Amino acid sequence: MAKKYAALLRGINVGGSKKVPMAELRSVLEDLGHGDVQTYLQSGNAVFSSANEDPKALARELEAAIEAHFGFRVACLVVDGAYLKAVADACPFPAADLEGRQLHATFFSEQPGAERFAALDPAAYLPEEYRLGDHVLYLYAPNGLGRSKLAEALAKPAVVKGIDATTRNWNTVAKLVELTAP
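Treat the numbers as computed from the prediction; the structure is a model and nothing was measured.

Enquirer: Tell me about the pairing of strand 4 (residues 76-80), and name the residues and values.
Expert: In terms of residue burial, strand 4 counts as a mostly covered element, since 5 of its 5 residues are buried. Residues Cys76, Val78 and Asp80 of strand 4 are buried on one face, and the alternating residues Leu77 and Val79, pointing to the opposite face, are buried as well. Relative to strand 4, strand 1 (residues 3-9) is paired through 5 bridges, and the arrangement is antiparallel. Within strand 4, the position partnered with alanine 6 by the bridge is valine 79.

Enquirer: Residue-level account of the pattern of salt bridges, with values.
Expert: Per the counting criterion, the structure on display carries 8 salt bridges. Across the pair arginine 73 and glutamate 63 runs a salt bridge whose closest N-O atoms are separated by 3.6 Å. Here arginine 73, found in the loop between helix 2 (55-70) and strand 4, pairs with glutamate 63, found in helix 2; they are 10 residues apart in sequence, far enough to count as distant. Owing to a relative accessible area of 42%, arginine 73 belongs among the partly exposed residues under this scheme. Note that arginine 73 is salt-bridged to aspartate 164, the shortest N-O span being 3.7 Å. Of this pair, arginine 73 sits in the loop between helix 2 and strand 4 while aspartate 164 sits in the loop between helix 5 (157-160) and strand 8 (165-169), placing them 91 residues apart in sequence. Of the residues examined, aspartate 164 reaches a relative accessible area of 26% and is grouped as partly exposed.

Enquirer: Describe the sheet that holds strand 5 (residues 103-108), with residues and values.
Expert: Here we have 4 strands laid out as an open sheet, ordered 6-7-5-8, and antiparallel in their pairing. Strand pairing shows two members of the sheet lacking a second neighbour, strand 6 (129-132) and strand 8, which therefore form its edges. Averaged over neighbouring strand pairs, the angle between their axes works out to 20 degrees when direction is ignored. For strand 6 and strand 7 (residues 136-140), the ladder comprises 4 bridges, and the chain directions are antiparallel. For tyrosine 130, the partnering residue across the bridge sits in strand 7 and is leucine 139. Relative to strand 7, helix 3 (residues 81-89) is tilted by about 40 degrees, and along the sheet it contacts strand 5 and strand 7.

Enquirer: Got a sec to walk through unusual backbone geometry? Specific residues and values, please.
Expert: Following leucine 126, the chain continues to proline 127 via a peptide bond in cis, the omega torsion being 10 degrees. Checked against the element boundaries, proline 127 lands in the loop between strand 5 and strand 6. Look at lysine 18: it is not a glycine, yet its phi comes out positive at around 50 degrees. Among the structural elements, lysine 18 can be located in the loop between strand 1 and helix 1 (22-31). Relative accessible area serves as the criterion here: at 35%, lysine 18 is assigned to the partly exposed category. With a phi close to 50 degrees, aspartate 36 is a non-glycine residue in the positive phi region. The topology assignment puts aspartate 36 in strand 2 (residues 35-40).

Enquirer: Quick rundown of the packing of helix 3 against helix 6 (residues 170-179)? Include the residues and the values.
Expert: Helix-helix packing is described using two parameters, namely the angle between the two axes and the distance between the axes. Between helix 3 and helix 6, the least distance of the axes is 9 Å, while the angle of their chain directions is 135 degrees. Classified by the angle their axes make, helix 3 and helix 6 are oblique. Note on packing geometry: the crossing formed by helix 3 with helix 6 is left-handed. On helix 6, the residues touching Leu84, Lys85, Val87 and Ala88 of helix 3 are Trp170, Leu176 and Val177. Its residues placed into classes, the contact of helix 3 with helix 6 shows 6 nonpolar, no polar and 1 charged.

What counts, and where the lines are drawn
- Residues numbered from 1 in each chain as written.
- Predicted model: local features only at pLDDT ≥ 70, side-chain atom pairs only at ≥ 80, totals over all residues.
- Heavy atoms only, no water.
- Buried < 20%, exposed > 50% of the residue type's maximum accessible area, 1.4 Å probe, protein only.
- Helix = DSSP H or I, 4+ residues; strand = E, 2+ residues; numbered from the N terminus.
- Pairing = 2+ DSSP bridges.
- Salt bridge = Lys/Arg side-chain N within 4 Å of Asp/Glu carboxyl O.
- Axes fitted to C-alpha atoms, helices over the stretch in contact; angles between N-to-C directions.
- Contact = heavy atoms within 4.5 Å.
- Parallel < 35°, antiparallel > 145°, perpendicular 65-115°, else oblique.
- Left-handed = near helix turned anticlockwise from the far one by under 90°.
- Nonpolar A, V, L, I, M, F, W, Y, C, P; charged D, E, K, R; others polar.

Rendered as C-alpha coordinates:
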(Lines give C-alpha, C1' and ligand atoms only; values in the text may rest on other atoms or scores of the structure.)
Protein backbone atom coordinates (compact mmCIF):
# COMPACT_ATOMS: atom_id res chain seq x y z
CA MET A 1 0.00 0.00 0.00
CA ALA A 2 1.34 3.42 -0.91
CA LYS A 3 2.19 5.90 1.80
CA LYS A 4 1.99 9.68 1.43
CA TYR A 5 5.21 11.65 1.79
CA ALA A 6 6.37 15.24 1.64
CA ALA A 7 9.72 16.06 0.07
CA LEU A 8 11.28 19.21 1.50
CA LEU A 9 14.00 20.62 -0.75
CA ARG A 10 16.54 22.97 0.78
CA GLY A 11 17.61 26.27 -0.73
CA ILE A 12 15.99 26.20 -4.16
CA ASN A 13 14.49 29.11 -6.11
CA VAL A 14 16.03 31.66 -3.76
CA GLY A 15 17.87 34.68 -5.13
CA GLY A 16 18.10 33.35 -8.67
CA SER A 17 20.18 30.28 -7.84
CA LYS A 18 19.30 26.59 -7.93
CA LYS A 19 16.24 27.08 -10.10
CA VAL A 20 13.90 24.11 -9.87
CA PRO A 21 10.61 24.74 -11.70
CA MET A 22 7.81 22.93 -9.89
CA ALA A 23 6.48 21.34 -13.11
CA GLU A 24 9.92 19.78 -13.69
CA LEU A 25 10.13 18.64 -10.07
CA ARG A 26 6.76 16.92 -10.47
CA SER A 27 8.08 15.19 -13.61
CA VAL A 28 11.24 14.04 -11.79
CA LEU A 29 9.12 12.51 -9.02
CA GLU A 30 6.78 10.86 -11.52
CA ASP A 31 9.77 9.49 -13.48
CA LEU A 32 10.92 7.86 -10.22
CA GLY A 33 7.63 6.00 -10.18
CA HIS A 34 5.86 7.99 -7.48
CA GLY A 35 2.14 8.68 -7.67
CA ASP A 36 -0.25 11.45 -6.65
CA VAL A 37 2.53 14.01 -7.17
CA GLN A 38 1.77 17.61 -6.23
CA THR A 39 3.91 20.61 -5.42
CA TYR A 40 3.12 23.38 -2.99
CA LEU A 41 4.52 26.88 -3.46
CA GLN A 42 7.79 27.51 -5.31
CA SER A 43 10.04 26.87 -2.33
CA GLY A 44 10.58 23.15 -2.76
CA ASN A 45 7.65 21.30 -1.26
CA ALA A 46 6.37 18.23 -3.04
CA VAL A 47 3.88 15.61 -1.96
CA PHE A 48 3.74 12.12 -3.44
CA SER A 49 2.78 8.55 -2.68
CA SER A 50 5.15 5.61 -2.75
CA ALA A 51 5.17 1.96 -1.72
CA ASN A 52 8.77 2.47 -0.50
CA GLU A 53 8.69 2.79 3.28
CA ASP A 54 12.23 4.16 3.72
CA PRO A 55 12.14 7.99 3.77
CA LYS A 56 15.95 8.26 3.79
CA ALA A 57 16.23 6.04 0.71
CA LEU A 58 13.52 8.12 -0.98
CA ALA A 59 15.46 11.31 -0.14
CA ARG A 60 18.74 9.91 -1.53
CA GLU A 61 16.96 8.76 -4.70
CA LEU A 62 15.36 12.20 -5.17
CA GLU A 63 18.66 14.01 -4.54
CA ALA A 64 20.36 11.88 -7.21
CA ALA A 65 17.52 12.43 -9.68
CA ILE A 66 17.54 16.20 -9.11
CA GLU A 67 21.31 16.34 -9.58
CA ALA A 68 21.05 14.30 -12.79
CA HIS A 69 18.21 16.44 -14.13
CA PHE A 70 19.25 19.95 -13.02
CA GLY A 71 23.03 19.57 -12.67
CA PHE A 72 23.34 20.59 -9.02
CA ARG A 73 22.88 18.95 -5.63
CA VAL A 74 19.88 19.83 -3.51
CA ALA A 75 19.49 18.47 0.00
CA CYS A 76 16.12 16.73 0.30
CA LEU A 77 14.32 15.56 3.39
CA VAL A 78 11.45 13.14 2.91
CA VAL A 79 8.94 12.70 5.72
CA ASP A 80 5.66 10.85 5.87
CA GLY A 81 2.25 12.28 6.68
CA ALA A 82 2.09 10.64 10.11
CA TYR A 83 5.37 12.29 11.09
CA LEU A 84 4.17 15.70 9.85
CA LYS A 85 0.96 15.35 11.85
CA ALA A 86 2.99 14.37 14.93
CA VAL A 87 5.18 17.46 14.45
CA ALA A 88 2.10 19.68 14.26
CA ASP A 89 0.47 17.99 17.26
CA ALA A 90 3.64 18.29 19.38
CA CYS A 91 4.16 22.00 18.70
CA PRO A 92 5.07 23.61 22.03
CA PHE A 93 3.84 27.04 20.92
CA PRO A 94 0.21 28.14 20.51
CA ALA A 95 0.17 27.73 16.72
CA ALA A 96 -3.54 28.55 16.40
CA ASP A 97 -2.95 31.94 18.06
CA LEU A 98 0.07 32.94 15.96
CA GLU A 99 0.52 34.16 12.42
CA GLY A 100 2.18 31.61 10.14
CA ARG A 101 5.17 33.92 9.66
CA GLN A 102 5.84 33.90 13.42
CA LEU A 103 6.18 30.15 13.85
CA HIS A 104 8.57 27.92 11.94
CA ALA A 105 9.70 24.32 11.91
CA THR A 106 13.24 23.39 10.93
CA PHE A 107 13.38 19.77 9.85
CA PHE A 108 16.65 17.84 10.36
CA SER A 109 18.01 14.80 8.55
CA GLU A 110 19.50 13.62 11.86
CA GLN A 111 18.48 14.34 15.44
CA PRO A 112 20.83 17.05 16.74
CA GLY A 113 22.12 16.55 20.25
CA ALA A 114 21.56 19.15 22.97
CA GLU A 115 25.32 19.88 22.99
CA ARG A 116 24.94 21.66 19.64
CA PHE A 117 22.77 24.28 21.34
CA ALA A 118 24.82 24.63 24.54
CA ALA A 119 26.51 27.89 23.47
CA LEU A 120 23.17 29.60 22.85
CA ASP A 121 21.81 31.70 25.70
CA PRO A 122 18.03 31.60 25.19
CA ALA A 123 17.52 34.70 27.33
CA ALA A 124 19.66 36.75 24.95
CA TYR A 125 17.14 36.23 22.13
CA LEU A 126 13.84 36.85 23.92
CA PRO A 127 11.05 37.23 22.93
CA GLU A 128 12.21 34.73 20.30
CA GLU A 129 12.27 31.14 21.50
CA TYR A 130 12.99 27.65 20.23
CA ARG A 131 12.20 24.13 21.34
CA LEU A 132 13.72 20.93 20.05
CA GLY A 133 11.47 18.06 19.00
CA ASP A 134 11.85 14.79 17.10
CA HIS A 135 14.12 15.71 14.16
CA VAL A 136 12.58 19.17 14.24
CA LEU A 137 13.20 22.52 15.86
CA TYR A 138 10.25 24.79 16.56
CA LEU A 139 11.07 28.48 16.31
CA TYR A 140 8.89 31.31 17.54
CA ALA A 141 10.04 34.52 15.85
CA PRO A 142 7.40 37.22 16.50
CA ASN A 143 8.89 39.60 13.91
CA GLY A 144 9.33 36.93 11.25
CA LEU A 145 12.22 34.76 10.16
CA GLY A 146 13.96 37.46 8.11
CA ARG A 147 14.53 39.61 11.20
CA SER A 148 15.24 36.80 13.61
CA LYS A 149 18.58 36.91 15.41
CA LEU A 150 17.83 33.52 16.94
CA ALA A 151 17.26 31.95 13.50
CA GLU A 152 20.63 33.36 12.44
CA ALA A 153 22.32 31.81 15.49
CA LEU A 154 20.55 28.48 14.95
CA ALA A 155 21.84 28.32 11.36
CA LYS A 156 25.52 28.56 12.36
CA PRO A 157 27.78 25.61 11.59
CA ALA A 158 28.20 24.77 15.28
CA VAL A 159 24.51 23.88 15.33
CA VAL A 160 23.83 22.36 11.90
CA LYS A 161 27.20 21.12 10.60
CA GLY A 162 26.84 17.67 9.09
CA ILE A 163 23.03 17.72 9.24
CA ASP A 164 20.73 18.67 6.38
CA ALA A 165 18.18 21.15 7.67
CA THR A 166 15.37 23.07 6.02
CA THR A 167 12.84 25.46 7.50
CA ARG A 168 9.15 25.97 6.74
CA ASN A 169 6.74 28.50 8.16
CA TRP A 170 3.76 27.16 10.06
CA ASN A 171 1.28 27.83 7.23
CA THR A 172 3.36 25.52 5.03
CA VAL A 173 3.63 22.89 7.76
CA ALA A 174 -0.16 22.93 8.20
CA LYS A 175 -0.75 22.64 4.44
CA LEU A 176 1.71 19.74 4.14
CA VAL A 177 -0.07 17.96 7.00
CA GLU A 178 -3.31 18.39 5.07
CA LEU A 179 -1.81 17.23 1.75
CA THR A 180 -0.25 14.09 3.28
CA ALA A 181 -3.25 13.05 5.35
CA PRO A 182 -4.53 9.54 4.63
